[in-house]
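Chain residues, written in single-letter form:
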Amino acid sequence: MCFRLCCSCRFPHVFPGAGLSFSPAVEKLGFVMVRLLRLCSIVSLPHRINCKFHHHDVAKGKRLLLSRLYQPRNLWEESPSSLESKSGERTSRSHKLMIKAGLIQPSSPGCFHFLPFTVRSMEKLFRLIDKEMHGIGGQKIDLTNLSPAALWKQSGRWELMGKELFRLADRHNQDYCLGPTHEEAVTHLVSTEGGITYKQLPLLLYQITKKFRDEPRPCFGLLRGREFYMKDMYTFDASEEGAYQTYNEVCNAYSNIFNALGLKFVKVQADTGNIGGKMSHEFQLPANIGQDRLLVCGGCGFAANIETLNADDRDCPSCGGELTETKGIEIGHTFYLGTKYSNTFNTTCDSQPKPLLAEMGCYGIGVTRLLAASIEVLSTEDEIHWPGLIAPYQVCLIPPKKGSKEADAVTVAETLYDDIHSLYHLRDEIVLDDRTQMTIGKRVKEAEMMGYPFVIVVGKKALGSQPLFEVRRQNTGEVQYLSREGVMDCLKNVQVI
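Model, not experiment: these values are computed from the prediction.

Caption draft 1: Quick look at the packing of aromatic side chains. Under the criterion given, the structure shown has eleven aromatic pairs. Ring geometry for Phe 114 and Tyr 229: centres 6.3 Å apart, planes at 40 degrees, overall tilted. Here Tyr 229 lies in strand E10 (residues 227-237) and Phe 114 lies in strand E4 (residues 111-114), a separation of 115 residues in the sequence. Taking relative accessible area as the criterion, Tyr 229 reaches 23% and is therefore assigned partly exposed. Taking the centre distance of 6.4 Å and the plane angle of 75 degrees together, the rings of Phe 117 and Tyr 452 count as edge-to-face. Note that Phe 117 is positioned in helix H5 (residues 116-135) and Tyr 452 in the loop between helix H13 (440-450) and strand E21 (454-457), a separation of 335 residues in sequence. Neither Phe 117 nor Tyr 452 differs from the other in exposure class; each is buried. One aromatic cluster in this structure is built from Tyr 254, Phe 258, Phe 265 and Phe 283. The ring of Tyr 393 carries Arg 120 above its face, with NZ or CZ at 4.0 Å from the centroid. Positioned above the aromatic ring of Trp 158, the side-chain terminus of Arg 167 is 4.4 Å from the ring centre.

Caption draft 2: Region of the structure containing the packing of H5 against helix H11 (residues 367-378). Taken N-terminus to C-terminus, the directions of H5 and H11 make an angle of 115 degrees; their axes are 11 Å apart at the nearest point. Looking at the two axes, H5 sits roughly perpendicular to H11. In this structure, H5 meets H11 at a crossing whose hand is right-handed. Each of Thr 118, Ser 121, Met 122, Leu 125, Phe 126 and Ile 129 in H5 lies in contact with H11, whose residues at this interface are Val 367, Thr 368, Leu 370 and Leu 371. Of the residues contributing to the contact of H5 with H11, the split by class is seven nonpolar, three polar and no charged.

Caption draft 3: Examining the sheet that holds strand E22 (residues 469-473) more closely. Strand order in the open sheet formed by five strands is E20-E19-E21-E22-E23, with mixed pairing between adjacent strands. Of all strands in the sheet, those with a lone pairing partner are strand E20 (430-432) and strand E23 (479-482), marking the two edges. The mean angle between the axes of side-by-side strands here comes to 20 degrees, regardless of whether they run parallel or antiparallel. Both E22 and E23 contribute to a ladder of four bridges, which runs antiparallel. Bridge pairing in E23 links Arg 472 to Val 479.

Analysis parameters
- Residues numbered from 1 in each chain as written.
- Predicted model: local features only at pLDDT ≥ 70, side-chain atom pairs only at ≥ 80, totals over all residues.
- Heavy atoms only, no water.
- Phe/Tyr/Trp six-rings, centres within 6.5 Å; stacked < 30°, edge-to-face > 60°.
- Helix = DSSP H or I, 4+ residues; strand = E, 2+ residues; numbered from the N terminus.
- Buried < 20%, exposed > 50% of the residue type's maximum accessible area, 1.4 Å probe, protein only.
- Lys NZ or Arg CZ within 6 Å of the ring centre and 35° of its normal.
- Axes fitted to C-alpha atoms, helices over the stretch in contact; angles between N-to-C directions.
- Parallel < 35°, antiparallel > 145°, perpendicular 65-115°, else oblique.
- Left-handed = near helix turned anticlockwise from the far one by under 90°.
- Contact = heavy atoms within 4.5 Å.
- Nonpolar A, V, L, I, M, F, W, Y, C, P; charged D, E, K, R; others polar.
- Pairing = 2+ DSSP bridges.

Here it is as structure tokens:
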């Protein structure tokens, strides 16, 4: 028996001698030694080795190469007309751009697969929301999406919601629905856990989960679908005064989120609808594609959903000024519920001389809708413009074409990549477009369509005695030629979440 290194994988293998046989104990010992030798080989190698996979250069392994990222092969080839004919749904700018850029893929009407770039953007949006919710004392939970019909029947919404609920029965003929919202579930949870102690007040519980609504006419991609992500928060206070204070704090946190994304939103007076309660506001993004009709006063700033006012009245109730009608996309909704649900489920707060029914609020942000609405209002017809904080990647670095006169600048590009990668906040935010069989022009056009906030082109000016790099800022259209130090100064203040 002898040990040799495999010529392909460089791992030790056992090779019995010709015509020789060994006792089971000796063979077992031999194979144990082989396993130990293989382990030592793995530890000593500078990078992962596997017989079935290509070996990669260590330095290249540190770089995020665009050719290795999963994207549809027919990127940007689908025309808007073919998109509409395939889906049979009304489309919007964001819908067309997200399909063409390979950000989402339709699964069924109103349902979409999220591809890697979109997942990265969504995760950043989650972090931004988490930051603001934690800042006002929110505690994150995760409630089941399979909700018993009994809770909805107890609140009266099983029939009220009608066909909007996705309903199903299990093998025991027990009825359930896929949760479109969780007022019943969270109020019942808090009640069964013994209510709320005064030290826990105000209690703010929130989650970011998928929701389901049987939308009769899904349209506009992620703006109106059947399956979507929502951030929903439920708050509990011992008094109306405390509940109003909590309401204002959550509304301020919502404003912080939308401001951080650079969105020009409007907070409008809204109807409580089938959620119910004493007061409601919507956060709207003005857009022609929007399906909500808004009335806004240019004088005092009053704004309302037209549902809450007399449609014929165009005088502002606050200042008497003229109201102007516009359309909007709802991206957030807040409700002061009072005791509507706490009374149904007997959810109380500690108080003297006796416990009091909790004063509640509920607050939602349509997270997938917010992502799509941002693209809708910021982008052009041909180029995606992301809110800077949630762009999937911040920087795309484009080296010269293989075989071109500037081909020697490839090593300069790789060095610049490594320099940018050394900036801690951008270590996972830079992509190297290594598809050097394509011209620089074609790759720049695609990068601008994808919406990287910074596109850096390494061309012939990078080969001079004082190398210069072309830096293109997507959201402003500005183009600069900067030195290596200039590039680093430009990028070191880029904000990430």
